[in-house]
Amino acid sequence: MHRTIRRSATALLAVAVLALTGCAGATESAPSPSATSTAAESTLTGELTVYAAASLSGAFDEIGAAFTDENPDVQFSGVYDGSSTLVTQILEGAPADVFASADEANMEKVTDAAIDPELFASNTLVIAVPAGNPGNVETLADLADVTTVLCAPEVPCGAASAKLLDAAGVTVEPASLEQNVTAVLTKVAAGEADAGLVYATDVIGRDDIEVIVPEHADEVVNHYPIAALTDARNPDAAAAFVEFVRSDAGQSILADFGFGKP
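Residues numbered from 1 in each chain as written. Predicted model: local features only at pLDDT ≥ 70, side-chain atom pairs only at ≥ 80, totals over all residues. Heavy atoms only, no water.

- In the nomenclature of an unreviewed UniProt entry, the chain is known as Molybdate-binding periplasmic protein of Microbacterium oxydans.

Shown next as C-alpha cells:
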C-alpha cells in the first residue's frame, strides 16, 4: 500500500536534527586555549568567493561566518544559484575560488578547473505544498493533477525529480521549470503552485510550507561534492575552506540544516 508521511516544516526540522546530530555534551564556560589562539595564528588573508548550489545558501552562510571567525583577515562571499548555472559562469571565467555542487554530474563538467573534488553532504527530495495543502496532494501521483513546478532537468534537483517520478511511473507536465530549487519553493510558498519537488533541507523551519515525504524518496539521493578551483585568486583560503566544510565543525553545521553525511 502506498504510504505517505505528511509533516510540517517545523516537525521535519526536529526529525532531521535528531537523526543527523548526536547529543553534544555541555562544555564549561572557559574556552580552550586552542580555540582562542586559532584566529590569532591564522595567516590567511584576502577575499574568498564560494560558488555553491542554492540549497546550500543557509548552511554555507553559517559555515562562512564560522570560517571567518577562525580566519578574521579573510572576507567570505557566497554566490548561490543552480549548480548548472554556476558551472556555466565558472567555465566563462567567473572569479570563483571554490565550487560546491548539488550533484556529481555538474562537478564533472568542471573537471579541468576543480582540484580533487570531495563529497561533503547528501540530500533527498520531498513534496512541498502551500500551508493548508489547497491541492490536497498526498502522493507523487497527485502531482500530475495539480499545478506543479519543478526544477529544470539540467539542475540537480530537476534530475533527481525526474528520477523519482520515473521510478513511481508518474508523468508531470510542470507549470514551469525553474533554474534552482529556491525558485520552486518560492512559487509554492506564494501559492502560485499547488506543489513542487524540493530538497528536504529547503523546508526546514518554514511555517508557510507543508511537507510530504514520498515513498522511495530515500532511494534518490543527491551527493554534494566540493573543490577548490585551479584559477582561484586565493588558493590558500580556498583549500582551507574546503577542509573546514569537511571538518567536524562544518559537518555539524550542515547537519543542523538537515543535510546527511556524504
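Remarks on the UniProt feature "binding site: molybdate" (unreviewed entry) in the chain
(1) Moving on: In the UniProt entry, the feature "binding site: molybdate" (unreviewed entry) is given for Ser 55, Ser 83, Val 181 and Tyr 199. In terms of the greatest pairwise C-alpha distance, the residues named above, spread along 145 residues, form a tight cluster of at most 13.9 Å across. Residues that both appear in the annotated list above and line the largest cavity are Ser 55, Ser 83, Val 181 and Tyr 199.
(2) Moving on: Considering the arrangement of structural elements, one finds Ser 83 in helix α4 (residues 83–91). (UniProt positions renumbered as here; feature names shortened; annotations may be inferred. 1 Å grid on protein atoms, 1.4 Å probe; cavity = no way out; pocket = protein on both sides within 12 Å on 5 of 7 lines; lining within 4 Å. Helix = DSSP H or I, 4+ residues; strand = E, 2+ residues; numbered from the N terminus.)

As for the state of the cysteines
(1) Moving on: Enumeration over the complete set of coordinates arrives at 1 disulfide.
(2) Moving on: Between the sulfur atoms of Cys 151 and its disulfide mate Cys 157 the distance is 1.7 Å. As the torsion about the S-S bond is roughly -100°, the Cys 151-Cys 157 disulfide counts as left-handed. Pair check on accessibility: Cys 151 and Cys 157 agree, each one buried. (Disulfide = S-S within 2.5 Å. Buried < 20%, exposed > 50% of the residue type's maximum accessible area, 1.4 Å probe, protein only.)

Focus: unusual backbone geometry
Negative phi is the rule for most residues except glycine; trans is the rule for most peptide bonds.
(1) Moving on: Notably, Asn 133 is not glycine yet its phi reads approximately 50°, a positive angle.
(2) Moving on: Summarising the element assignment, Asn 133 is placed in the loop between β5 (114–130) and β6 (148–151).
(3) Moving on: Overall, the relative accessible area of 2% leaves Asn 133 in the buried class.
(4) Moving on: Residues other than glycine seldom take positive phi values, yet Asn 136 does so here, at roughly 55°.

Things to note about empty space enclosed by the protein
(1) Moving on: Counted under the stated rule, the structure contains 2 cavities of 30 Å³ or more.
(2) Moving on: Put simply, the largest cavity is a space of about 60 Å³.
(3) Moving on: As for the largest cavity, its lining consists of 13 residues, and the residues nearest its centre are Ala 54, Ala 102, Val 155, Val 181 and Tyr 199.
(4) Moving on: The class makeup of the residues in the lining of the largest cavity is 8 nonpolar, 4 polar and 1 charged. (Points joined across faces, edges and corners; volume = space filled by probe spheres on them. Nonpolar A, V, L, I, M, F, W, Y, C, P; charged D, E, K, R; others polar.)

Observations regarding the packing of helix α3 (residues 57–70) against helix α9 (residues 248–256)
(1) Moving on: At a minimum axis distance of 9 Å, the contact between α3 and α9 shows a crossing angle of 150°. When the axis of α3 is compared with that of α9, the two are roughly antiparallel. Handedness of the crossing formed by α3 with α9: right-handed. Contact residues: Ala 59, Phe 60, Glu 62, Ile 63 and Ala 66 in α3; Gly 250, Ile 253 and Leu 254 in α9. (Axes fitted to C-alpha atoms, helices over the stretch in contact; angles between N-to-C directions. Parallel < 35°, antiparallel > 145°, perpendicular 65-115°, else oblique. Left-handed = near helix turned anticlockwise from the far one by under 90°. Contact = heavy atoms within 4.5 Å.)

A closer look at the pairing of β6
(1) Moving on: Alternating residues of β6 divide into Thr 148 and Leu 150 and Val 149 and Cys 151, and every residue in both groups is buried.
(2) Moving on: For β6 and strand β8 (residues 195–199), the ladder comprises 2 bridges, and the chain directions are parallel. If you follow Val 149 over to β8, its bridge partner there is Gly 196.
(3) Moving on: Pairing between β6 and strand β7 (residues 176–178): 3 bridges, direction parallel. Within β7, the residue paired with Leu 150 across the bridge is Leu 177.
(4) Moving on: Crossover connection from β6 via helix α6 (residues 156–168) to parallel β7: handedness right-handed. (Pairing = 2+ DSSP bridges. Right-handed = clockwise from strand over helix to strand, strands pointing away.)

Quick notes on the side chain of Ser 176
(1) Moving on: Tracing the chain through its elements places Ser 176 in strand β7.
(2) Moving on: With relative accessibility at 15%, the residue Ser 176 sits in the buried group.
(3) Moving on: Polar side-chain contacts of Ser 176 include one of 3.3 Å to the side chain of Lys 187.
(4) Moving on: Setting aside residues up to four positions removed in sequence, Ser 176 forms contacts with Thr 148, Val 149, Leu 150 and Lys 187. (Polar contact = N/O pair within 3.5 Å; in protein donor to acceptor, adjacent residues only side chain to side chain.)

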